[in-house]
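# Breakdown of the fold
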Amino acid sequence: MYIFSRLVIKNSRIIILGTILITLVMGYYLKDLKINSDMISYLPQDDPDVELFNYVGEEYGGSSLAMVAIEADDIFNKEIIKKLSYLSSQFKLLEGVSFVTSLANVIDIKSDEYGMEIGRLINEYELPETPEELQELKNYTLSKDMYRGRLVSEDSKTTLIICKLQKEIDQVKTARQLKEIVNNSNLKEKVYFGGVPFQMIDVTDIILSDIFFLTPIIFLLIFISLFLSFRTLRGVLLPLLSVSISTIWTLGIMSILQIPITVISDIIPVILIAVGSAYSIHVISKFDEGITTDEDGTNHLTNALNEIVVPVMLTALTTIAGFIAFVFGSYLNMIREFGIFSSLGVLFALITSVTFVPSVLSMLHVEDRKRYAHEDYRKKGITQFMDRIGEWVLKNEKLIIAVAIVVVVISILGIPRIDRKVDMLDYFEPGSSIRLTEELLETRFGGSIPIQILVKGDIQDPKVLKEIEKMEDFLESQDDVSNAQSIAYLIKEMAEAMGEGKDIPDSKAKISNLWFLLEGEEIMSQLVNEDKTEAVIQATISNIDTKRIRDLTENVDRQIEKVDNPLVVFTQTGLPSIYQKLDDSILRSQKQSLSLAIVFVFICLVILLRSFIGGLIGLVPIVFALLIVFGFMGFFGIPLDVATVLVGSISIGIGIDYSIHFVSRFRKEFKKAETELEALDRTLETAGKAILINVITVVAGFLVLLMAKVIPLRRFGVLVAITMIGSGAGAITLLPAIILVTKAGFVGDFERFMEKAKERILTKKKGNNLK
């Protein structure tokens, strides 16, 4: 690495100029960076469950429901009916909207003097206007199960316009257009926007808000923490400049490759600013040690970079290993992309810290560098604090280990209490507009989350229709399931209108006759395919917890298994199935990513220490911190979700850096120290100081996420901050305590140390004898 270090210092001007040029180019592409808030698109599209979900959406007009709820004292009002008719017709004109259903255009099946009439509940050309007409419409609508609790609440104070959106379109754009139409209609009544497409609008706005609001704050906090630590302008500006460059490069590459920002990857700038600054901090700290008085300081700069570049590279590699674990251990595409581009960002932060930062330092005036050589300066503040830490550790190493064991045992007791959560509504604060809307939809209409069952068979066969009827009834019998609907429901409605009772006709000929009357109706294409060989049973569920979703999907699957009829095949799909898949993937991702991260990091430690036992000891601080954070999650009810599942591997990748820097420096100081205290004191004074500064900056950076609008990101920020405090404290207290007690991993060095100590003792005795 000495040749590399000399090349960097020698070509500092070229490196600075090249860095600036690359940053300008990458910065130019930031304007094309997109945001993707579609949760379904985060799923692997080749997964069988996802393929089925997409297939049903494409065949039956979409699986995404955008709901507009209008609330008034009584929706059976002349002006509201006019607005309903107007909005329904305008929504249908939008590209990407496949179907619109409201009181203004819903199908109506009823008896008349000729037998049966199929029309519309409200004739758009003859809207009811008189109080008598409106009251008649109200009484009739509330008397029909087809409308009551589906399109109008039982108290007649709320009505829905339900839009099915096509899968392949930009759902956020379409949902914004729906909102714009409503806002331009000058409705005086209260309007709510519910369903996944409108939630996606809020997620998109939140992502933008968090990026533009949180990034300056984290810069400010890290600026303050760096200034209090280094008390120099360059100690503040260079780390911030380095991470800014690496962030611009990372986002620029994402833009060039057309990889959008997601609800998870929007924290990449925060992570890079908090984490990437560590490498520059260690480089600057090393450059500040033992500043020589040579004419230009070139030799010192080269030697300093030569000594620090390997530990910095290893810490960066372990951090990258933590992020790369997501690529191999995650079910969600967005987490894989997060792992790839976070790793790339860390690599860029490493490159700038060992090239750009030393190049800028070499350009500083020699007198500016020499002033740091003064012992009084280096013995102030943090350095004195680290001296006291060293003395305390040396005197209390057994106590430290005992306390750590107690903390670990308590933490382990909390781990079984951790729950999993895949609720998208959990992203939003209580009291937010999207939550209020979903609560209204749940209480008055049974929710907005679609659940579907695909049916295969001869759909006009009475036996098949009766099986569909049974499955529909089963769905309605489940708690939290509402608004079940299928072709069997429509056939029964028609049979009742014909005076034959509300039952499935017993012959295919009768069914064909009724079917003929339904041909061409818009609702048919939402329930049956053209060949009449497939149909779909549709329903909605309320926003329920992960355990209830799992129970529901398992109940439906068990009911499907009970069907003993070779004429029909049922397959469950819809968002509950997807949520269950997500739930399973969260636990699997946690196990796989943690295992991979620990293995990658352990290999790096073994290579650094050249000792298997030493590698195990190096893992102690981060395992200690992980157990604390998982115990904290269990005791304080923080669930494992798409954001908190990232904590483990990220914490391993970042937190292990402290162990690497400590062990690397301790080995070096142990070889030349006169006493254990001296070796530990010097390690804490140098590497320990950098570790403490790094912990402060990283914790400050991640705690900024407490101000994020996405609730899982707040939890993520707190958990990573706790892990960093735990791993940092473990590296400067627990790790040296274990090393001093066990001598493991450093046997060779310890034996050499003891031989030197014996030689000093013998020399001292000889001197006394001579006297």
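That block above? That's the structure.
This structure is a prediction, so every number in the text was calculated from the model and none was measured. Numbers given to residues run from 1 along each chain, matching the order in which its sequence is written. Local features in a predicted model are, by the rule used here, given only for residues with pLDDT of at least 70; side-chain atom pairs are given and counted only at 80 or more, and totals for whole chains, interfaces and linings are based on all residues. Side-chain numbers here rest on the full set of heavy atoms in the structure, without hydrogens or water.

### Examining the packing of aromatic side chains
Each pair of aromatic rings is reported with the distance of its centres and the angle of its planes. Note on ring pairs: Phe, Tyr and Trp rings are taken, using the six-membered ring of Trp, and paired if centres are within 6.5 Å. Classes follow the plane angle, with under 30 degrees stacked, over 60 edge-to-face and the rest tilted. Under the definition given, this model contains six aromatic pairs. A centroid spacing of 5.1 Å and a plane angle of 55° characterise the contact between phenylalanine 193 and phenylalanine 198, whose relative ring orientation is tilted. One exposure class covers both phenylalanine 193 and phenylalanine 198, and it is buried. Consider the rings of phenylalanine 702 and phenylalanine 716, whose centres lie 6.0 Å apart with planes at 70°: the pair is edge-to-face. Here phenylalanine 716 lies in helix H26 (residues 711-742) and phenylalanine 702 lies in helix H25 (residues 676-703), a separation of 14 residues in the sequence. Like phenylalanine 702, the residue phenylalanine 716 is buried in the burial classification. Sitting over the face of the ring of tyrosine 28, lysine 31 holds its NZ or CZ atom 4.7 Å from the ring centroid. Should the NZ of a Lys or the CZ of an Arg lie within 6 Å of a ring centre and within 35 degrees of the ring normal, that charge is described as sitting over the ring. The cationic tip of arginine 150 hangs over the ring face of tyrosine 489; the distance from NZ or CZ to the ring centre is 5.2 Å. The rule is simple: take the accessible area with a 1.4 Å probe, protein chains only, and divide by the maximum for that residue type; under 20% is buried, over 50% is exposed, in between is partly exposed. A helix here means a DSSP run of H or I that spans at least four residues, while a strand means a run of E at least two residues long, and both kinds are numbered starting from the N terminus.

### Comments concerning the sheet that holds strand S9 (residues 534-541)
Following DSSP output, two strands are said to pair if at least two bridges run between them. Strands sit in the order S8-S9-S7-S10 across an open sheet of four strands; the sheet is antiparallel. The open sheet terminates on both sides in strands that have one partner only, identified here as strand S8 (481-485) and strand S10 (569-574). Within this sheet the neighbouring strands show an average axis-to-axis angle of 20°, counted without direction. Any two residues whose heavy atoms approach within 4.5 Å at even a single point are treated as in contact. Comment: axis = line fitted to C-alpha atoms, over the contacting stretch for helices; angle = value between 0 and 180 degrees taken between N-to-C directions. Helix-sheet contacts for helix H17 (residues 462-477) involve strand S7 (449-456), S8, S9 and S10, and the interaxial angle to S8 is about 160°. Sheet strands touched by helix H21 (residues 546-562): S7, S8, S9 and S10. Its angle to S10, the strand with the most contacts, is close to 170°.

### Looking at the packing of helix H4 (residues 78-92) against helix H6 (residues 171-184)
Put simply, H4 and H6 touch, their axes get as near as 10 Å, and they point 150° apart. When the axis of H4 is compared with that of H6, the two are roughly antiparallel. With respect to the hand of their crossing, H4 and H6 are arranged in right-handed fashion. Contacts between H4 and H6 involve Leu87, Gln90 and Phe91 from the former and Leu178, Ile181 and Val182 from the latter. Roughly parallel refers to an angle under 35 degrees, roughly antiparallel to one over 145, roughly perpendicular to one between 65 and 115, and oblique to any angle outside these ranges. Note on convention: the crossing is left-handed when the near helix lies turned anticlockwise from the far helix by less than a right angle, right-handed when the turn is clockwise.

### Brief notes about the pattern of salt bridges
When a carboxyl oxygen of Asp or Glu lies within 4 Å of a side-chain nitrogen of Lys or Arg, that pair is called a salt bridge. Taken as a whole and assessed by the stated rule, the structure comprises 21 salt bridges. Here glutamate 71 makes a salt bridge to arginine 444, at a shortest N to O gap of 3.0 Å. Residue glutamate 71 is found in strand S1 (residues 64-71), and its partner arginine 444 is found in helix H16 (residues 433-445); the two are separated by 373 residues along the sequence. With a shortest N-O distance of 3.8 Å, glutamate 476 and arginine 150 are connected by a salt bridge.

### Some remarks on the pairing of S1
Counting buried positions along S1 gives eight out of eight residues, so the element sits mostly inside the fold. Bridging between S1 and strand S5 (residues 158-165) involves eight bridges; their strand directions are antiparallel. Counted as the bridge partner of glutamate 71 is threonine 158 from S5. Where S1 and strand S6 (residues 190-194) come together, five bridges link them in antiparallel fashion. Its bridge partner lying in S6, valine 68 is registered against phenylalanine 193.

### Focus: the sheet that holds S6
Sheet strands pair by backbone hydrogen bonding; their relative direction is either parallel or antiparallel. Strands sit in the order S2-S5-S1-S6 across an open sheet of four strands; the sheet is antiparallel. Lying at the two open borders of the sheet, with one neighbouring strand each, are strand S2 (97-101) and S6. Within this sheet the neighbouring strands show an average axis-to-axis angle of 20°, counted without direction. In the sheet, S2 pairs with S5 via four bridges, with the strands oriented antiparallel. Bridge pairing links valine 100 to cysteine 163 in S5. Its contacts with the sheet place H4 against S1, S2 and S5, and it is angled at close to 10° to S5.

### Observations regarding the packing of helix H23 (residues 612-635) against helix H24 (residues 647-672)
Interaxial distance between H23 and H24 falls to 9 Å at its minimum, and their mutual angle equals 140°. Taken together, the axes of H23 and H24 are oblique relative to one another. Handedness of the H23/H24 crossing: right-handed. Taken together, the residues of H24 that come into contact with H23 (itself represented by Gly618, Leu619, Pro621, Ile622, Leu626 and Phe630) are Gly648, Ser651, Ile652, Gly655, Ile656 and Ser659. Residues were grouped as follows: Ala, Val, Leu, Ile, Met, Phe, Trp, Tyr, Cys and Pro as nonpolar; Asp, Glu, Lys and Arg as charged; and all remaining residues, including Gly, as polar. Considered class by class, the residues forming the contact of H23 with H24 number seven nonpolar, five polar and no charged.

### Considerations on helix H15 (residues 397-414)
Multiply 1.5 Å by the residue count of a helix minus one, and that product is the helix's expected span. If you check H15, its first and last C-alpha atoms are 26 Å apart, about what 18 residues at 1.5 Å a residue would give, namely 26 Å. Taken together, the buried positions of H15 are occupied by Glu397, Ile400, Ala404, Val408, Ser411 and Gly414. With its buried residues spanning 105° around the axis, H15 presents them on a single face. Pointing more than 90 degrees away from the buried face of H15 are the exposed residues Lys398, Ile405 and Leu413. Directions from the helix axis toward the C-beta atoms define the arc.

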